[in-house]
Amino acid sequence: MALIVQKFGGSSVATPEKLKAAARRAVHQFQAGNQVVVVMSAMGDRTDELIALANQIHPEPEPREMDMLMAVGEQMSVALMAIAIHAQDCRAISLTGAQAGIRTDSVFSKAKIKTVDTTRLRGELQKGQIVIVAGFQGVDEWDNITTIGRGGSDPTAIALAAALKADRCEIFTDVDGIYTADPRIVPNARKLDRIDYDELLELASAGAKVMQSRAVEIAKRFGVPFHVRSSANESEGTLVTNIQEIEQVDIRGAALEMNEAKVTLCDVPDRPGVAAAIFVEITRANINVDMIVQNVSAQGATDLSFTVLKTDLPAARRVSEELARKIGAGRVEVDEDIAKVSVVGIGMRSHAGVAGKMFEALAKNKINIRMISTSEIKISVVIDGGAGEQALRAVHDAFGLGKDSGDKH
Ligand code: ADP
Ligand code: ASP
Ligand code: MG
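Residues numbered from 1 in each chain as written. Chains lettered and ligands numbered in written order. Predicted model: local features only at pLDDT ≥ 70, side-chain atom pairs only at ≥ 80, totals over all residues. Heavy atoms only, no water.

K.L.:
So what about the pairing of strand E20 (residues 378-384)? Which residues, and what values?
P.N.:
A large share of E20 lies buried, amounting to 6 of its 7 residues. Alignment of strand E18 (residues 338-344) against E20, held across 7 bridges, turns out to be antiparallel. Bridge pairing in E20 places alanine 339 opposite isoleucine 383. Relative to E20, strand E19 (residues 371-375) runs antiparallel, the two sharing 5 bridges. Within the sheet, the bridge partner assigned to methionine 371 lies in E20 and is valine 382. (Buried < 20%, exposed > 50% of the residue type's maximum accessible area, 1.4 Å probe, protein only. Helix = DSSP H or I, 4+ residues; strand = E, 2+ residues; numbered from the N terminus. Pairing = 2+ DSSP bridges.)

K.L.:
Tell me what's going on with the side chain of serine 77, and back it up with residues and numbers.
P.N.:
In this fold, serine 77 is placed in helix H3 (residues 63-87). The buried category is assigned to serine 77, whose relative accessible area is 0%. There is a polar contact of 3.4 Å between the side chain of serine 77 and the backbone nitrogen of methionine 43. (Polar contact = N/O pair within 3.5 Å; in protein donor to acceptor, adjacent residues only side chain to side chain.)

K.L.:
Go over the site of ligand 1, please, and point to the residues and values.
P.N.:
Neighbouring residues of ligand 1: 18 residues in total, closest Thr173, Asp174, Tyr179, Asp182 and Arg184. Separating an oxygen atom of ligand 1 from a side-chain N or O atom of lysine 7 is a distance of 3.2 Å. Backbone polar atom of tyrosine 179 to a nitrogen atom of ligand 1: 3.0 Å apart, as the coordinates give it. In isolation ligand 1 has 580 Å² of accessible area, and contact with the protein removes 89% of it. Here the shell around ligand 1 is composed, by residue class, of 8 nonpolar, 5 polar and 5 charged. (Near = heavy atom within 4 Å. Areas by Shrake-Rupley, 256 points an atom, 1.4 Å probe, with all protein chains shown as cover. Nonpolar A, V, L, I, M, F, W, Y, C, P; charged D, E, K, R; others polar.)

K.L.:
Go over the site of ligand 2, please, and point to the residues and values.
P.N.:
As a structural note, the neighbourhood of ligand 2 is formed by Ser41, Ala42, Thr47, Glu74, Phe136, Arg150, Gly151, Gly152 and Ser153. In this structure, an oxygen atom belonging to ligand 2 sits 3.0 Å away from a main-chain N or O atom of serine 153. Within the complex, 87% of the 260 Å² of free accessible area of ligand 2 lies under protein. Partitioned by chemical class, the residues of the shell around ligand 2 number 2 nonpolar, 5 polar and 2 charged.

Here's what the structure looks like:
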């Protein structure tokens, strides 16, 4: 008997029909003699609708109450999934994140899972039934309901698979697996049979929302291989595991991020400690910074730019304006019309070579580069928002990642 964790994303349970189909998958595994834990997302765009509803009432609602509200979407899904499974004459019980033993810190809307107490989960499994757990939510040490960041049902599924030492973890979504780039934007993107944790981690943090990056982090830390597959067909999907089991290539994939904004502090005094002051304050406000660029200073002052998620922009702007006053900097500029394009590959041998090829592809398309950053296995550029999709296709082509390219990957 194997223990299987199956996660169904929002589009895979968007309608009663799709929800019933997801239930059939779980029942199928259960009737084959396995123990089955199902992790559910909210149906379709329910989470966005809940956020929009709150925003009609208050422009910046209190984070605690937002988490209380957002957790509702997943709670609906688990109850309906249990009902769908009962309708197929199979036993099932639904649990909230708290009931499933998922404990988090108290950073509302982006809480981190701290521990999973599997006592209740194991007890419910032992009763001979499918156990359905609400993704995306947990509870802090004062029993407040928390949510763990957009796309957070992915980390729930992986954390449960790790805690239960599951034999198999399957992430069901609306594409056939992980592709060399978002197949909705790059029509000739190729499905990958396998990908390394680090490569997917970089792609996810570069905007490939097929898998939430924290989920990949947890999978890597606890050594949880998992499959990303379509909920609409039986195809094999993509296995995410470690590199020893995968053929190395220069570049594995490309990604586009459209949800970031750039903040620039102008005329920042050029003296030691200023950058520290800025980023200590930003971190204190729980804002995650992605890229940072400081210009060459002229006459003792410099411009300092960084990128943050658009959802963090109001807070980032507020903190930056307060700081600019405190340290005697100039105005704070904000640009929401940016895109970030990245290429990722663990086998990237020559950064200069990869960067050269990437920049050339952008130049050929007359796309101007505004920021650049590199990590060991990734090169990212920030460009104008309007050029994002064209840039992704150009870069994907330049590295021969597509189905129709002659390169073998
Ligand atoms: P779910 O609701 O199942 O969690 P998401 O919408 O969060 O699904 O993620 C799936 C989407 O991710 C796909 O529909 C696709 O447009 C997008 N995506 C972005 N990059 C990739 C990629 N490299 N491979 C596959 N899908 C990708
Ligand atoms: N429903 C949550 C969201 O939309 C979590 C998830 O779908 O994974 O972000
Ligand atoms: Mg998702």
